Amino acid sequence: MMRSLYSGVSGLKTHQTKMDVIGNNIANVNTVAFKSSSIVFSDLLSQTTQNASGPNALTGAGGTNARQIGLGVKSGAISTSIATQGASQSTGNPFDIMINGDNFFIVNNGSENFFTRDGSFYVDAAGNLAMTSTGYNVMGWGVDETTGEIRQDTVTALRIMSAANMTYPPEATSQAYVSGILDKNDTDVTSANGKVINLNFYDALGYSYTAKLTFKQSADENEYSLELSSLLDSEGNEIDITGVTFGTVNNTQERPVTVSFNSSAYRWNGNQLQSADGGIIYADLTAIFNAGTLRDRDEVVSIGGTDMTVQEVLDNIATAYGYEGSTEEFLNLFVYDETNGTTPVSVEQMLANMVQGTGTDMFPSTEDSFEADGRFFDGTTITFDGNTGNFAGIGGAATQTTAVLGLSALGGNFSDITVDFSNVSMVDNKGTSTVSATSGDEDGLGAGRRLGDMIGVSIQNNGMIYASYDNGMTKLLGQIATAEFANASGLEKQGDNLYSASLNSGEFDGIGVDITANGGYMSTGQLEMSNVDLSSEFTEMITTQRGFQANSRIITVSDTLLEELTNLKR
């Protein structure tokens with residue numbers, strides 16, 4: 001009698017325990033990444049009233065089984081359905097991450113590591129990636145400063161919003177290319193000023209500049225000069241380009257041009273350039289030349305009682321010949337020496353000869369115009385195949401496709417820029433040139449950049465975290481590490497959606513694994529939902545209720561039997 005009572009009591013206890021498990025499952029039906037549990041029963045030790053006996057060969061009697069009476073039930077095991085993936089819930093938050101696979105996030109409270117499937121993260125005030133519920137730091141791997149690659153070592157907190165990561169350093173432009181069509185009938189190309197294109201670039205401090213490159217057609221329509229005409233900063237201020245090289249210094253270009261003297265407004269009187277009526281003296285060659293050498297252009301000289309710089313005097317002469325604002329172009333015009341017809345003599349040299357009164361190539365001041373055979377310039381020449389219009393070389397070398405813009409002469413924050421011209425062609429485009437310059441090579445390398453501010457963070461499906469910057473660059477900040485266990489069901493629950501390793505789960509090695517190593521991946525903007533199946537839980541609840549009721553009947557019936565036994569005394 002008493003055995004049945006105690007069996008009933010054990011049944012009530014175990015079914016109550018099962019109800020506790022079911023209740024916990026249902027309570028966590030909306031808990032992020034919750035893993036449901038299940039319980040199985042096992043019977044208690046049985047009381048043996050008679051041992052089993054074997055067959056008797058002598059008597060021919062058969063054997064008998066043992067006579068055992070069970071003493072009730074107990075909880076056999078409580079298992080967590082940890083390998084069953086929960087459904088995904090879209091949140092749109094880039095720091096919400098869902099693991100697809102059997103791995104776990106690694107988080108740390110400052111003293112020990114825990115493991116979780118709850119990927120609800122945020123960036124704390126220190127810039128660390130952390131759990132929203134506990135504030136525990138998400139662990140991962142940092143970036144090797146030497147290689148720029150992930151270094152898989154002992155996991156550390158992922159400080160993705162550090163001061164160093166908030167900006168991307170500037171870089172000087174080192175490569176550029178020119179592409180498009182240079183139409184030989186373009187009026188800009190054939191004009192005195194030439195076709196100007198802009199090359200925008202950066203120095204090492206991230207400041208932007210514009211280099212103005214000028215194409216001018218030679219007497220040979222398949223050849224063009226190219227030179228650096230000016231350099232502007234981001235505010236449009238012109239920078240002194242003295243010392244900057246681009247090709248050859250004092251290169252020559254045959255480019256016949258008629259230079260006309262404005263005789264209605266000016267006249268030459270010996271070495272003096274005067275107004276037509278002689279009332280104003282604009283230039284005096286004896287004042288600006290000393291023994292055939294041009295004085296320093298910033299030097300102040302007296303011209304007809306008026307103080308002027310040498311440069312201002314030269315500007316006046318250029319203006320008289322229609323080159324106002326283009327003094328250097330005027331002074332660099334040349335004619336071939338009258339003696340041999342092959343040596344180019346510049347306008348500047350002819351003015352010096354005029355002062356000295358020596359030489360055969362003196363400036364033609366008595367003529368209303370003269371024919372210049374070409375010009376001196378600092379730059380290079382580009383040639384095209386007259387039959388195909390294809391690029392044919394630089395500086396007369398068919399195999400040369402690049403020229404170096406020597407900006408390093410301006411200071412340490414500037415870098416030389418190698419400019420590629422192989423993509424320029426000379427074909428008919430109805431008189432319109434489309435030629436343009438682009439910083440960087442054709443793959444975008446060497447383009448340079450300004451300082452970049454962080455504008456976003458993205459997490460890849462392998463856990464790698466990248467920052468994007470407003471200068472177009474991206475940077476690898478780290479990688480979220482994961483843990484895997486031989487027996488994940490052996491992990492111990494620690495509350496707050498956390499687990500810790502146990503003797504039966506396997507140890508964590510402190511390094512972790514790349515989630516993609518075993519086929520898993522991460523999904524951003526999503527969270528893993530609870531894997532509790534309500535229909536299954538309600539079914540289990542019904543069977544548990546019935547089991548509890550049946551065990552309570554054991555007690556009531558046993559009590560009735562005891563009561564009848566007691567009544568036998570009457």
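Further up the page is the structure itself.
The rules we used
- Residues numbered from 1 in each chain as written.
- Predicted model: local features only at pLDDT ≥ 70, side-chain atom pairs only at ≥ 80, totals over all residues.
- Heavy atoms only, no water.
- Helix = DSSP H or I, 4+ residues; strand = E, 2+ residues; numbered from the N terminus.
- Rg over C-alpha atoms; globule rule 2.2 N^0.38 Å.
- Buried < 20%, exposed > 50% of the residue type's maximum accessible area, 1.4 Å probe, protein only.
- Axes fitted to C-alpha atoms, helices over the stretch in contact; angles between N-to-C directions.
- Parallel < 35°, antiparallel > 145°, perpendicular 65-115°, else oblique.
- Left-handed = near helix turned anticlockwise from the far one by under 90°.
- Nonpolar A, V, L, I, M, F, W, Y, C, P; charged D, E, K, R; others polar.
- Expected span 1.5 Å × (residues − 1).
- Contact = heavy atoms within 4.5 Å.
- Pairing = 2+ DSSP bridges.
- Salt bridge = Lys/Arg side-chain N within 4 Å of Asp/Glu carboxyl O.
- Phe/Tyr/Trp six-rings, centres within 6.5 Å; stacked < 30°, edge-to-face > 60°.
- Core = buried A, V, L, I, M, F, W, Y, C linked by side-chain atoms within 4.5 Å.
- Arc of directions from axis to C-beta.
- Polar contact = N/O pair within 3.5 Å; in protein donor to acceptor, adjacent residues only side chain to side chain.

## Examining the overall build of the chain
The number of helices and strands found in the chain is 7 helices and 41 strands. Taken against the 2.2 N^0.38 rule, which gives 25 Å for 570 residues, the C-alpha radius of gyration of the chain at 46 Å runs more than 25% over that of a compact globule. Every one of the 570 residues in the chain was classed for burial, and the buried ones make up 40%.

## Structural notes on the packing of helix 1 (residues 2-27) against helix 7 (residues 534-567)
Look at helix 1 against helix 7: their axes get within 8 Å of each other, and the N-to-C directions meet at 160 degrees. With respect to helix 7, the axis of helix 1 lies roughly antiparallel. The interaxial crossing formed by helix 1 with helix 7 has left-handed handedness. Its residues assigned to classes, the contact of helix 1 with helix 7 shows 14 nonpolar, 13 polar and 4 charged.

## As for helix 7
The α-helix advances 3.6 residues per turn, and as a result positions three or four apart in sequence lie on the same side. Between the first and last C-alpha of helix 7 there are 49 Å, a value that for 34 residues agrees with the 50 Å anticipated at 1.5 Å per step. Of the residues making up helix 7, those classed as buried are Glu 537, Thr 544, Gly 547, Asn 551, Ser 552 and Ser 558. In this fold, the buried residues of helix 7 make contact with helix 1.

## Comments concerning the pairing of strand 16 (residues 208-217)
Consecutive side chains along a regular strand alternate between the two faces of the sheet. Strand 16 sits mainly inside the fold: 8 of its 10 residues count as buried. Note: strand 15 (residues 195-202) against strand 16, 8 bridges, orientation antiparallel. Residue pairing for strand 16: Lys 195 is matched across the bridge by Phe 215. The turn joining strand 15 and strand 16, which pair antiparallel and follow one another in sequence, is formed by 5 residues; a positive phi near 90 degrees is taken by Gly 206. Two elements, strand 16 and strand 17 (residues 223-233), share 9 bridges in a ladder whose sense is antiparallel. Its bridge partner being in strand 17, Phe 215 is matched across the sheet by Leu 226.

## A look at the environment of Tyr 321
Positionally, Tyr 321 belongs in the loop between helix 4 (310-320) and helix 5 (327-331). In the structure, Tyr 321 is positioned 36 residues away from Leu 285 in sequence and 16 Å away in space, judged by C-alpha atoms. When sequence neighbours within four positions are dropped, the list of residues in contact with Tyr 321 reads Val 259, Ser 260, Phe 261, Trp 268, Phe 330, Phe 363, Pro 364, Ser 365 and Phe 370.

## So, the sheet that holds strand 21 (residues 272-275)
Taken together, 3 strands build an open sheet; the order of strands is 20-21-22 and the sheet is antiparallel. In this open sheet, the two strands that pair with only one neighbour each are strand 20 (266-269) and strand 22 (281-284). For this sheet, the mean inter-axis angle between neighbouring strands, taken without regard to orientation, is 20 degrees. Sheet topology note: the strand 21/strand 22 ladder contains 3 bridges and is antiparallel. Residue pairing in the sheet places Leu 273 in a bridge with Ala 283 of strand 22.

## A word on the pattern of salt bridges
A complete count under the given rule lists 12 salt bridges for this structure. A salt bridge links Lys 184 to Glu 221, with the nearest nitrogen and oxygen atoms 2.9 Å apart. Here Lys 184, found in the loop between strand 14 (175-181) and helix 2 (187-190), pairs with Glu 221, found in the loop between strand 16 and strand 17; they are 37 residues apart in sequence, far enough to count as distant. Taking the relative accessible area as the measure of exposure, Lys 184 reaches 29% and is therefore partly exposed. Using a relative accessible area of 38% as the deciding quantity, one classes Glu 221 as partly exposed.

## What to know about the sheet that holds strand 31 (residues 402-406)
The strand order across the open sheet built from 5 strands is 18-31-32-14-33, with neighbouring strands paired in mixed fashion. Only two strands of the sheet have a single partner each, and these edge strands are strand 18 (245-246) and strand 33 (436-439). Note: strand 14 against strand 32 (residues 417-425), 6 bridges, orientation parallel. From the neighbouring strand, Ala 176 faces strand 32, where its bridge partner is Val 419.

## A few points about the packing of aromatic side chains
Here the structure, examined in full by the defined rule, presents 21 aromatic pairs. For the ring pair Phe 115 and Phe 485, a centre distance of 5.0 Å and an interplane angle of 80 degrees mean the geometry is edge-to-face. Here Phe 115, found in strand 8 (residues 113-116), pairs with Phe 485, found in the loop between strand 37 (482-483) and strand 38 (492-495); they are 370 residues apart in sequence, far enough to count as distant. Grouping residues by exposure puts Phe 115 and Phe 485 together as buried. Note on Phe 201 and Tyr 209: the rings are 5.6 Å apart at their centroids and 20 degrees apart in plane angle, and the pair reads as stacked.

## Observations concerning the nonpolar core
By size, the foremost hydrophobic cluster in this structure holds 35 residues, and its most contacted members are Trp 268, Ile 288, Tyr 321, Phe 330, Val 347 and Phe 363. Counting only elements with at least two residues in this core, the list comes to strand 20, helix 3 (285-288), strand 25 (300-303), helix 4, helix 5, strand 27 (333-336), helix 6 (347-356) and strand 29 (369-384). The greatest single-element share of this core, amounting to 6 residues, is contributed by helix 4. Grouped together as the second largest cluster of nonpolar side chains are 32 residues, Leu 182, Ala 403, Leu 405 and Phe 414 included.

## Some thoughts on the side chain of Thr 80
Relative to the elements of secondary structure, Thr 80 occurs in strand 4 (residues 73-80). Residue classification places Thr 80 among the buried residues on the basis of a relative accessible area of 16%. Setting aside residues up to four positions removed in sequence, Thr 80 forms contacts with Lys 35, Ser 36, Ser 37, Ser 489 and Lys 493.

## A look at the environment of Gln 526
Secondary-structure assignment places Gln 526 in strand 41 (residues 526-528). A relative accessible area of 25% places Gln 526 in the partly exposed class. On a C-alpha basis, the gap between Gln 526 and Gln 217 in space is 63 Å, while along the polypeptide they are 309 residues apart.

## Examining helix 4
Along helix 4, the positions that sit buried rather than exposed are Val 310, Val 313, Leu 314, Ile 317, Ala 318 and Ala 320. Buried residues in helix 4, looked at end-on, bunch into an arc of 160 degrees, giving them a common side. Of the residues one or two after helix 4, Gly 322 is the one with positive phi, at around 80 degrees.

## Some points on unusual backbone geometry
One non-glycine residue with positive phi stands out, namely Ala 291, at about 55 degrees. Inspection of the secondary structure assignment puts Ala 291 in the loop between strand 23 (289-290) and strand 24 (293-294).

## Considering the side chain of Ser 500
Counting through the fold element by element, Ser 500 comes out in strand 39 (residues 498-500). Assessed through its relative accessible area of 12%, Ser 500 is described here as buried. Separated by 2.7 Å, the side chains of Ser 500 and Gln 494 make a polar contact. When near neighbours in sequence (up to four residues on either side) are disregarded, Ser 500 contacts Phe 114, Phe 115, Leu 491, Glu 492 and Gln 494.

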